[in-house]
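Examination of the molecular architecture
So the chains spell out like this:
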Amino acid sequence: MVTVRIGARMELDGILFDKDGTLFDFGATWNIWAADLIHELADGNAGVAQRIALAADFDLVREEFHPSSPIIAGTNREAAECIARALPDRDVEELESLMTLRAAAAPLAPPVDLGPFLDGLLARGLKLGVMTNDSEYAARAHLNSAGILQRFLYIAGFDSGHGAKPAPGPLLAFARLLDLRPDRVAMVGDSTHDLIAGRAAGMATIAVLTGPARAEELAPFADVVLPDIGHIPDWLGRETVPQ
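These figures come from a predicted structure and were not determined experimentally. (Residues numbered from 1 in each chain as written. Predicted model: local features only at pLDDT ≥ 70, side-chain atom pairs only at ≥ 80, totals over all residues. Heavy atoms only, no water.)

Considerations on the nonpolar core
Generally speaking, a soluble globular protein has its nonpolar side chains buried in company with each other. Of all hydrophobic cores here, the largest spans 31 residues; its most connected members are W33, L41, I52, F58, F65 and I83. Where this core is concerned, the elements lending two or more residues are α1 (26-42), α2 (46-56), α3 (76-84) and α4 (92-104). Among the elements that take part in this core, α1 stands out by supplying nine residues, more than any other. When residues no more than four places from it in sequence are discounted, the contact partners of I52 are I38, L41, A42, I83, A86 and L87. I15, L118, L143 and A186 belong to the second largest nonpolar core, which has 29 residues in total. (Core = buried A, V, L, I, M, F, W, Y, C linked by side-chain atoms within 4.5 Å. Buried < 20%, exposed > 50% of the residue type's maximum accessible area, 1.4 Å probe, protein only. Helix = DSSP H or I, 4+ residues; strand = E, 2+ residues; numbered from the N terminus. Contact = heavy atoms within 4.5 Å.)

What follows is the structure, encoded as structure tokens:
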């Protein structure tokens, strides 16, 4: 288990989760989504598919995003603008709408059994939320499909009116809505966007390794780096986490 900057156990009243790469394994969900989307947009034209993949920084052979892809931590709008650079004849808003619809139906691969995991956190008295740079529509669709929608008191996307990560606005909105002190909330995510936003909001930051980023990339911005969200209850209940 990878850990960093462990000190006294933090007392928390709320946990705010990123969605992709955190509640759901990034590769198992979004690599498949991207490959299918590229082939749909290319409509059988290998040259067009290659142009889209290049713009998205996506490996068509391995069918996976390169870690440097701007789509990984970007908003749905930013992803549409990225794809549009390879498809100058397509309208960005039309692409964004298509991508939102396809995203809502993307396959989901949670790293743990989410129902019992979340119920365990709720039993501790923690208030839970989700903040994603995906659309709120897709977020609600995914959480509903996974059967966990009702466990969250706050669900926000980049288009919910609070801004997008790495800005702290949507995180502070969670704390404000639920009357929580930011320093008693933890932001959980798989990207530096998540953790930078958490730090800017004055929250604890928990990094997980179920996204494309490596531990050494996340560690400078995290209070702890865990293999996946399933290790959070153990971390909450100890002063240190075993190596």
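What to know about the pattern of salt bridges
What the rule picks out here adds up to 15 salt bridges. A salt bridge links K165 to D194; its shortest N-O distance comes to 2.6 Å. Here K165, found in the loop between β5 (154-156) and α7 (169-177), pairs with D194, found in helix α8 (residues 192-200); they are 29 residues apart in sequence, far enough to count as distant. Classification of D194 by relative accessible area gives buried; the value is 2%. (Salt bridge = Lys/Arg side-chain N within 4 Å of Asp/Glu carboxyl O.)

Description of the sheet that holds β5
Strands sit in the order β5-β4-β1-β6-β7-β8 across an open sheet of six strands; the sheet is parallel. Each having just a single partner strand, β5 and β8 (224-226) make up the two edges of the open sheet. Across the sheet, the mean angle from the axis of one strand to that of its neighbour is 20°, orientation sign disregarded. When strand β6 (residues 185-189) meets strand β7 (residues 204-208), the two strands line up parallel, connected through four bridges. Bridge assignment links V188 to a residue of β7, and that residue is I206. Each of β1 (14-17) and β4 (127-131) touches helix α5 (residues 114-123); the most contacted strand, β1, lies at about 150° to it. (Pairing = 2+ DSSP bridges. Axes fitted to C-alpha atoms, helices over the stretch in contact; angles between N-to-C directions.)

Section: the environment of A105
Among the secondary structure elements, A105 is positioned in the loop between α4 and α5. Here A105 falls in the exposed class, since its relative accessible area comes to 63%. Remark: the alpha-carbon pair of A105 and L60, spanning 45 residues in sequence, is separated by 21 Å.

Considerations on the environment of A53
Assignment of secondary structure puts A53 in helix α2. Along the backbone, A53 and F65 are 12 residues apart, and their C-alpha atoms lie at a distance of 8.9 Å.

A word on α1
Taking 1.5 Å of rise per residue, 17 residues should cover 24 Å, and α1 covers 23 Å from first to last C-alpha, within 8% of that figure. Elements in contact with the buried residues of α1: α2, β2 (58-59), β3 (64-65), α3, α4 and α6 (136-145). Capping the start of α1, D25 holds a side-chain oxygen 3.2 Å from the backbone nitrogen of G27, two or three residues further along. Within two residues after α1, D43 carries a phi angle of roughly 50°, on the positive side. (Expected span 1.5 Å × (residues − 1). Polar contact = N/O pair within 3.5 Å; in protein donor to acceptor, adjacent residues only side chain to side chain.)

These figures capture arrangement, not role.
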